[in-house]
Amino acid sequence: MDRIRELASKKAAVIFTKSSCCMCYSIKQLFYELGASPAVHELDKEARGREMELALRGLGCNPSVPAVFIGGVFVGSTTDVISLHVDGSLKQMLIDAKAIWF
Amino acid sequence: MADVSPRTDTSTDADTEDKNLRNALSQGMIASDGSDKSRDQKTLRRLAQNREAARKSRLRKKAYVQQLESSRMKLTQLEQELQRARQQGIFISSSGDQAQSMGGNGALAFDVEYARWLEEHNRRVNELRGAVNSHAGDGELRIIVDGILAHYDDIFRIKGDAAKADVFHILSGMWKTPAERCFLWLGGFRSSELLKLLINQLEPLTEQQLMSINNLQQSSQQAEDALSQGMEALQQSLAETLAASLGPSTSTGNVANYMGQMAMAMGKLGTLEGFIRQADNLRQQTLQRMHSILTTRQSARALLAINDYFSRLRALSSLWLARPRE
């Protein structure tokens, strides 16, 4: 969990993924499209990946990846991110966290 | 000796008989000299009767198998006809138990549920049209509109269950008419396209509303693009996995490799359901958001416009299927 928090606070937009996960790819593409440059951490390439995955599940992230943090705050997985984007909140969060400017 | 026909498992019967006879002889059960001739004859007669019974059994089995095979062909033919008829928009209800779980009959069961949902949806939309035309008050309109939106939630839930049972059927869009299938995106309509057609129908909109609707259109399009790219990545990944299992297929190492790659491919196919779910979630969220931006009256007009559009697509499908050929 500490590793998650540590990594999540290092950049305005942080996404935890797995290299084989295509839904993670979708979410990454969405962020790039919005002009954000999220930090991407692949759990299957992390030494403590299994621990981190359990920690994400503990946060209520289901499925565990993709897991999105904005401004250090846990936002959710795919469903949450898309829902927030539809009502305009995602963009505002990114602006507030200074991940994007407009 | 015994007839050994290749299609029935007969070959052992004669062998076993001979083996039994030889065993019996070697164990001294039957004396090989003349004193037990009667016992020999009894045994031989018994063996002959066994042979005859076995032969009759083989013939019966052969006849049964042939019957099964012709029934199977008939079944395949019937299934094809059913599919063709369904494609032409003819609603065919199954005579079986419709409360049956999606298990074996996922596709057909879903088609039936969808047809029922559509019928109810059209009824509600007609009710809305009547209310709008008779200048009903906002209160009455709101009740009908809320009802239609809640009813949309029903089909998304039904689709979700159906996707779990048979994701490829949902993806195929065979449950929609041909013209609708033309525009199919991840098992349904594109919200961004729907909003584009609505913007013109909904005037007058306030500046705020116009901006919000445009933002919604843009957001839904971005989400659609993101999901599309994820699907392409999935296809790519699946192709690579299957290609990796190609190559000289003789060593045991390669067999293990093949099975491993197949297992991986299965895992990837499993993620398809997630994409359908996200696509439906996007549709659902977009409808809700649209409704929250618009006034009741505008929402009513939007729902009527959406229904008009899809009705036209369905009518087009019917015309197309009924067109004179040659």
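Because the structure is a prediction, the values reported are computed rather than measured.

What about the overall build of chain B?
Thinking step 1. If you tally the helices and strands in chain B, you get 11 helices and zero strands.
Thinking step 2. If you list the helices and strands of chain B from N to C, you get α-α-α-α-α-α-α-α-α-α-α.
Thinking step 3. With 326 residues in all, chain B has 36% of them scored as buried.
Thinking step 4. Counted over contacts in chain B with a minimum sequence separation of 6, partners at least 24 positions apart contribute 74%.
Thinking step 5. Just so you have it, chain B exposes about 19,700 Å², and 54% of that area is on carbon and sulfur atoms.

Some thoughts on a nonpolar patch on the surface
All names here are of chain B.
Thinking step 1. Side chains of Leu242, Val255, Tyr258, Met259 and Met262 sit close together on the surface and give an oily, nonpolar patch of about 450 Å² of accessible area.
Thinking step 2. The greatest single-element share of the nonpolar patch, amounting to four residues, is contributed by helix 9 (residues 252-270).
Thinking step 3. Structurally, the position occupied by tyrosine 258 is in helix 9.
Thinking step 4. The exposure class assigned to tyrosine 258 is partly exposed, which follows from its relative accessible area of 42%.

Regarding the UniProt feature "domain: BZIP" (unreviewed entry) in chain B
Thinking step 1. UniProt records the feature "domain: BZIP" (unreviewed entry) at residues 40-84 of chain B, using the numbering of this structure.
Thinking step 2. Here residues 40-84 of chain B is 100% helix and 0% strand, with 66 Å between the C-alpha atoms at its ends.

What about the packing of aromatic side chains?
Given two aromatic rings, one states the distance between the centres and the angle between the planes to describe the pair.
All names here are of chain B.
Thinking step 1. According to the stated counting rule, one finds nine aromatic pairs over all chains in the structure shown.
Thinking step 2. Relative to tyrosine 114, the ring of phenylalanine 110 has its centre 6.2 Å away and its plane inclined at 25°; by these criteria the two rings are stacked. Of the two residues, phenylalanine 110 and tyrosine 114 are both situated in helix 3 (residues 102-133); the distance of four residues between them amounts to about one turn of the helix. Here the two residues phenylalanine 110 and tyrosine 114 agree in accessibility, since each one is buried.
Thinking step 3. On the numbers, 5.1 Å between centres and 80° between planes, the contact of phenylalanine 110 with tryptophan 175 is edge-to-face.

Conventions we followed
- Residues numbered from 1 in each chain as written.
- Chains lettered and ligands numbered in written order.
- Predicted model: local features only at pLDDT ≥ 70, side-chain atom pairs only at ≥ 80, totals over all residues.
- Heavy atoms only, no water.
- Helix = DSSP H or I, 4+ residues; strand = E, 2+ residues; numbered from the N terminus.
- Buried < 20%, exposed > 50% of the residue type's maximum accessible area, 1.4 Å probe, protein only.
- Contact = heavy atoms within 4.5 Å.
- Areas by Shrake-Rupley, 256 points an atom, 1.4 Å probe, with all protein chains shown as cover.
- Patch = residues over 30% accessible without salt bridge, like charges linked within 9 Å, V, L, I, M, F, W, Y side chains within 5 Å.
- Salt bridge = Lys/Arg side-chain N within 4 Å of Asp/Glu carboxyl O.
- UniProt positions renumbered as here; feature names shortened; annotations may be inferred.
- Phe/Tyr/Trp six-rings, centres within 6.5 Å; stacked < 30°, edge-to-face > 60°.

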